[in-house]
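Single-letter residue listing:
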Number of protein chains: 2
Amino acid sequence: MSVKLKRQNKIKEILNNKFISNHEDMIKILGKEDIHITQATLSRDFAELGVIRTFTDAGTRYVLNQYESGKQIARLIGFEILSVEHNESMVVIRTLAGRAQGVAHYIDRLNKQEIIGTVGGDDTVLIIPNSQENVDKVVSLIKDMMMMPPHFKNKHYQ
Amino acid sequence: MSVKLKRQNKIKEILNNKFISNHEDMIKILGKEDIHITQATLSRDFAELGVIRTFTDAGTRYVLNQYESGKQIARLIGFEILSVEHNESMVVIRTLAGRAQGVAHYIDRLNKQEIIGTVGGDDTVLIIPNSQENVDKVVSLIKDMMMMPPHFKNKHYQ
DNA sequence: GATACATATACATTTTTCTGTATATTTATA
DNA sequence: TATAAATATACAGAAAAATGTATATGTATC
């Protein structure tokens, strides 16, 4: 696993510093760094890292997507959350110190109709449901999010 | 893995809502929820979750440690970081949107002598080394941090 | 300090994840 | 839209992680 971790970090570095327009290019560059993988593995790495294709004047370029982080974050977000509680009108999440904004951001991006907004402090996230009736629904949403299975399929870098 | 994830989330919930003073209690409560594990596995779960013992008037109590998050976060950090660059005097980390404060916080807590401070915005962390001479050292530190292997030993919940 | 109680860990096995091969599917180009 | 090029995925084997058993180590109590 540490092998995979190192490889994926190297891939990020290369994406940031070189103009990569297809899998083969990346595989060659990795090869020069003594990292030998097949196109299939790279395809999976791109998916996990949330790599996307952009279309520039100079042609197709693969880059990291700052917003869709792949599913790695989904797997780990549960670890950031310490508790989920609520009263009649809102849901309060306690997180590890310093991680509330990241969690709030992630929840925002779920774009759930039942959530009209979130506020993240240092270790607390406040979630405002769109109605008192939906408080329970929102709690379930959050808990599902925490449990989200790490299995991840490729489906076009989505 | 999803099994482990669910179990660990349940463990967190129980720690938040019950007074757990030893492994056996937790194992029994999990059993009622149809989660059957041995003491050895619980010991490992506690370690991974960063559970600590506190000493209250009512006796020993196991709780989540908001500051020492176990090593799960170490694994997460690498995925949050998109790039690490520097100039003569400082190091700049780009992160996934909304995750810079979490990364900055984590770096702060490494308590490295070579780092005199960090500032986290939304997707950018600025790291101030204690001297221009140490810029490279700090970059290495960050890269090592990203690669940190997820293997984790128990050593008294440290 | 000896004994009992509680927690951590070495080792072997089971389960899950990772990877390559082969191939299907998708995307680009004529 | 036919062909070629590029990427994704099913499947099987390899590698790594998770778990239980047995036991060692650590902690509390007398």
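The rules behind each value
- Residues numbered from 1 in each chain as written.
- Chains lettered and ligands numbered in written order.
- Predicted model: local features only at pLDDT ≥ 70, side-chain atom pairs only at ≥ 80, totals over all residues.
- Axes fitted to C-alpha atoms, helices over the stretch in contact; angles between N-to-C directions.
- Helix = DSSP H or I, 4+ residues; strand = E, 2+ residues; numbered from the N terminus.
- Parallel < 35°, antiparallel > 145°, perpendicular 65-115°, else oblique.
- Contact = placed C-beta atoms within 7 Å.
- Nonpolar A, V, L, I, M, F, W, Y, C, P; charged D, E, K, R; others polar.
- Buried ≥ 20, exposed ≤ 12 C-beta atoms within 10 Å, placed from the backbone.
- pLDDT = per-residue confidence, 0-100.
- Pairing = 2+ DSSP bridges.
- Least-squares fit on C-alpha atoms with pLDDT ≥ 70 in both.
- Domains from an automatic or database assignment.

1. Quick notes on the packing of helix α2 (residues 23-32) of chain A against helix α3 (residues 39-49) of chain A
Residues and elements named next belong to chain A.
Next, step 1: Following both chains from N to C, one finds α2 and α3 inclined at 100 degrees, their axes separated by 10 Å at the closest point. With respect to their mutual orientation, α2 and α3 come out roughly perpendicular. Facing His-23, Met-26 and Ile-27 of α2, the residues of α3 in contact are Gln-39, Leu-42 and Ser-43.
Next, step 2: Counted by class, the contact of α2 with α3 contains three nonpolar, three polar and no charged residues.

2. Describing the environment of Val91(A)
Residue and element names in this part refer to chain A.
Next, step 1: Residue position: Val-91 is located in strand β4 (residues 91-95).
Next, step 2: With 24 C-beta atoms packed within 10 Å, Val-91 lands in the buried category.
Next, step 3: With residues up to four places along the chain from it excluded, the contact list for Val-91 reads Val-84, His-86, Ile-127, Pro-129, Val-135, Val-138, Val-139 and Ile-142.

3. Here we look at unusual backbone geometry
Residues and elements named next belong to chain A.
Next, step 1: Notably, Asn-111 is not glycine yet its phi reads approximately 50 degrees, a positive angle.
Next, step 2: By the element assignment, Asn-111 lies in the loop between α5 (100-110) and β5 (115-120).
Next, step 3: Asn-111 gets classed as exposed once you count the C-beta atoms within 10 Å, which come to 7.

4. So, the interface of chain B and chain A
Next, step 1: Chain B puts 31 residues into the contact, and the matching count from chain A is 30 residues.
Next, step 2: Among the elements of the structure, α1 (2-17), α4 (72-80), β3 (81-86), α5 (100-110) and α6 (135-147) of chain B are those that each provide at least two residues to the side of chain B that touches chain A.
Next, step 3: Tallied by class, the residues present in the side of chain B that touches chain A amount to 14 nonpolar, twelve polar and five charged.

5. Some points on the confidence of the model for chain A
All names here are of chain A.
Next, step 1: Residues at a pLDDT of 70 or more form 89% of chain A, whose mean pLDDT is 87.
Next, step 2: Element-level mean pLDDT values for chain A span from 77 in helix α4 (residues 72-80) up to 97 in strand β6 (residues 124-129).
Next, step 3: Throughout residues 149-158 the model reports pLDDT below 50, and contacts reaching past four residues in sequence, or to other chains, amount to 15 contacts.
Next, step 4: ipTM for the predicted complex: 0.80, alongside a pTM of 0.81.

6. A short note on the sheet that holds strand β4 (residues 91-95) of chain B
Residues and elements named next belong to chain B.
Next, step 1: Overall, antiparallel pairing links the four strands, which are arranged β3-β4-β6-β5 in an open sheet. Every other strand in the sheet has two partners, leaving β3 and β5 (115-120) as the edge strands with one partner each. If you compare each strand with its neighbour and ignore which way they point, the axes differ by 20 degrees on average.
Next, step 2: The pairing of β3 with β4 spans five bridges and is classified as antiparallel. Residue pairing for β4: His-86 is matched across the bridge by Val-91.
Next, step 3: Sitting on the sheet, α5 is in contact with β3, β4, β5 and β6 (124-129), with an inclination near 165 degrees to β5.

7. Let's talk about the relation of the copies chain B and chain A
Next, step 1: Once chain B is rotated about the relating axis by 180 degrees and shifted along it by 0.0 Å, it coincides with chain A to within an RMSD of 0.2 Å. Look at the turn and shift together and you get a two-fold axis relating the two. Across chain B, the rotation axis passes nearest the C-alpha of Leu76(B), at a separation of 2.9 Å.
Next, step 2: Comparing contact sets, 97% of the residues at the interface of chain B also lie at the interface in chain A, consistent with an isologous, same-surface contact.

8. Describing the domain arrangement of chain A
Next, step 1: Parsing chain A into structural domains produces domain 1 (2-64) and domain 2 (72-146).
Next, step 2: Between the C-alpha centres of domain 1 of chain A and domain 2 of chain A the distance comes to 33 Å.

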